[in-house]
Amino acid sequence: MTTHQHLLLEFQPEHNDFSKGKELRDGLSVVLQIDDTLWVANDETISLERLSIAREKDDEGRTCARGHRQFPLNDYLRLPVPPTGDPCDLQEIDIEGLAYGDGYLWLVGSHSLKRKKPGSGGDAKARKQLSKIVSENNRYLLARIPVAVEQGEVMLKKEVAHDGATRTAAQLRARGKGNDLMEELRNDEHLAPFLAIPGKDNGFDIEGLAVSGKRLFVGLRGPVLRGWAVILELELKEDKLDASVLKLKRIGPDGRRYRKHFLDLGGLGIRDLCVQDDDLLILAGPSMDLDGPVTVFRWTGGTRPDDECMLEADALKRVVDVPFGQGVDHAEGICLYSEAGRPPSLLVVYDAAAPGRQLHGCVMAADLFALA
């Protein structure tokens, strides 16, 4: 069994209970460390949550992150469907990736369609519900927000001066019910057929984001093609007329605005990505609505690919097998975690958190795994 330690995440009660009895801590989809802060999100919200890593340990020697502060994303970005003030009328972003680079926090929504979950009320009603597919505009968000340190606090800013220039919150240009990326993929020979399929049905579904230099790496939970998972490589630039709008650069073959990398992850899809030096760490799990297996792989040199590639299984190093439960503890987010006096480790947060993780008050236990 994989051994690990716990890191405790403590949320404020007024933000933890966010809608219809749901708790923010129970469905964490991403995690990111910036200096002595941790940033997380629940995929059913439109905000980021910042926690500060405490210097003192608890009575069991565990690290704690507290001082919860919420950052509504509509304060920094133009959401296609902004909040109305009614928590029951909130269109989620389905945040599935966070990354940090060059003074910006990057985030990405799932870009996926959603099939309605059948409920009670008889077979006929359940069948009708199962036939409904929904497209939600807020899910098509790929954006960056400037990060600044003010009075010792790591903050998000809509605009900030830096070295004689201005850093501005910006997002990929919207296109109808989608954005420029979805428009580019409509003619892709591998991915286009899956754009009309809901994410949890092995349709197109983004669930990972990493940044290295000017390049973004976007991991797809689905589709998995004959056992091969997909990473898209992108480079974005500011629109010349509007710094709050980002456009895709031509970086792929034949002038394509993306590059594709195929990885043999044993039939698993990508659930998150993070960077360690020049390597990509890949959290892999089922593309469909299944519990496991869940494994972290290392793509050595993955942030510096020479060209599009097909990466065989033996080219990937197995880093850690992540425990999972039956219907609970679905690993969704990873990041490198550093703390004075200890080697770097991998921090993992979970969706559908098991009751054993839900500690006193509004505390959630995340997992720390040693990195070889």
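This one's a predicted model, so the numbers in the text were calculated from it and none came from an experiment.

Caption draft 1: Region of interest: the pairing of strand 9 (residues 104–109). Most of strand 9 sits out of view: six of its six residues are buried. Alternating positions in strand 9 separate into two faces, Tyr104, Trp106 and Val108 on one and Leu105, Leu107 and Gly109 on the other, with burial throughout. The pairing of strand 8 (residues 95–101) with strand 9 spans six bridges and is classified as antiparallel. When the bridges of strand 9 are listed, Ile95 appears paired with Gly109. Where strand 8 folds back onto strand 9 in an antiparallel hairpin, the turn is made up of two residues, including Asp102, whose phi is positive at roughly 55 degrees. Here strand 9 pairs with strand 12 (residues 142–150) via five bridges, running antiparallel. Following the sheet pairing, Leu105 is matched in strand 12 by Ile145.

Caption draft 2: The nonpolar core, seen in detail. Trp106, Phe204, Leu232, Leu234 and Leu236 are the most contacted members of the largest nonpolar core, which has 32 residues in total. Of all the secondary structure elements, the ones that give two or more residues to this core are strand 9, strand 16 (170–172), helix 3 (180–185), strand 17 (205–212), strand 18 (215–225), strand 19 (228–238) and strand 20 (245–248). Leave out the neighbours within four places in its chain, and Leu236 touches Trp106, Leu142, Leu172, Lys214, Leu216, Leu246, Lys247, Leu248 and Lys249.

Caption draft 3: Summary view of the packing of aromatic side chains. A complete count under the given rule lists one aromatic pair for this structure. With 5.1 Å between their ring centres and 45 degrees between their planes, Trp39 and Phe71 make a pair best called tilted. Of the two residues, Trp39 is situated in strand 5 (residues 37–42) and Phe71 in strand 7 (residues 63–72); the sequence distance between them amounts to 32 residues. Residue class for Trp39 comes out buried when judged on its relative accessible area of 0%. What makes Phe71 buried here is its relative accessible area of 1%. The side chain of Arg144 reaches across the aromatic face of Tyr104, ending 4.2 Å from its centre. Above the plane of the ring of Tyr258 lies Arg256, whose end atom (NZ or CZ) is 4.8 Å from the centre.

Caption draft 4: Examining unusual backbone geometry more closely. Residue Pro223 follows Gly222 across a cis peptide bond; omega there is 5 degrees. Topologically, Pro223 is positioned in strand 18. Here the residue pair Gly292 and Pro293 is connected by a cis peptide bond, since its omega of 5 degrees sits within 30 degrees of zero. As for its placement among the helices and strands, Pro293 is situated in the loop between strand 23 (279–285) and strand 24 (295–299). Although it is not a glycine, Asp94 sits at a positive phi angle of roughly 55 degrees. Within the element layout of this structure, Asp94 appears in the loop between strand 7 and strand 8. For Asp94, a relative accessible area of 7% translates into the label buried. Of note, Asp102 is a non-glycine position whose phi angle comes to about 55 degrees, a positive value. With respect to the helices and strands, Asp102 occurs in the loop between strand 8 and strand 9.

Caption draft 5: Looking closely at the side chain of Lys260. Turning to its location among the elements, Lys260 is positioned in strand 21 (residues 259–264). Reaching out from Lys260, the side chain makes a polar contact with the side chain of His190 at a distance of 2.7 Å. Excluding residues that lie within four positions of it along the chain, Lys260 makes contacts with Asp188, Glu189, His190, Leu191, Ile231, Leu232, Glu308 and Cys309.

Caption draft 6: Geometry of the sheet that holds strand 29 (residues 363–370). Taken together, eight strands build an open sheet; the order of strands is 4-5-6-7-1-29-28-27 and the sheet is mixed. Every interior strand has two partners, whereas the edge strands, strand 4 (28–34) and strand 27 (330–339), have only one. The average undirected angle you get between the axes of adjacent strands in this sheet is 30 degrees.

Caption draft 7: How the structure looks around the environment of Gly269. By the secondary structure assignment, Gly269 is in strand 22 (residues 269–276). A relative accessible area of 0% places Gly269 in the buried class. As for Gly269 and Ser345, which are separated by 76 residues in sequence, their C-alpha atoms are 23 Å apart. When sequence neighbours within four positions are dropped, the list of residues in contact with Gly269 reads Leu220, Arg221, Val224, Ala229, Leu283, Ala284, Gly285, Pro286 and Ser287.

Rules used throughout
Residues numbered from 1 in each chain as written. Predicted model: local features only at pLDDT ≥ 70, side-chain atom pairs only at ≥ 80, totals over all residues. Heavy atoms only, no water. Buried < 20%, exposed > 50% of the residue type's maximum accessible area, 1.4 Å probe, protein only. Helix = DSSP H or I, 4+ residues; strand = E, 2+ residues; numbered from the N terminus. Pairing = 2+ DSSP bridges. Core = buried A, V, L, I, M, F, W, Y, C linked by side-chain atoms within 4.5 Å. Contact = heavy atoms within 4.5 Å. Phe/Tyr/Trp six-rings, centres within 6.5 Å; stacked < 30°, edge-to-face > 60°. Lys NZ or Arg CZ within 6 Å of the ring centre and 35° of its normal. Polar contact = N/O pair within 3.5 Å; in protein donor to acceptor, adjacent residues only side chain to side chain. Axes fitted to C-alpha atoms, helices over the stretch in contact; angles between N-to-C directions.

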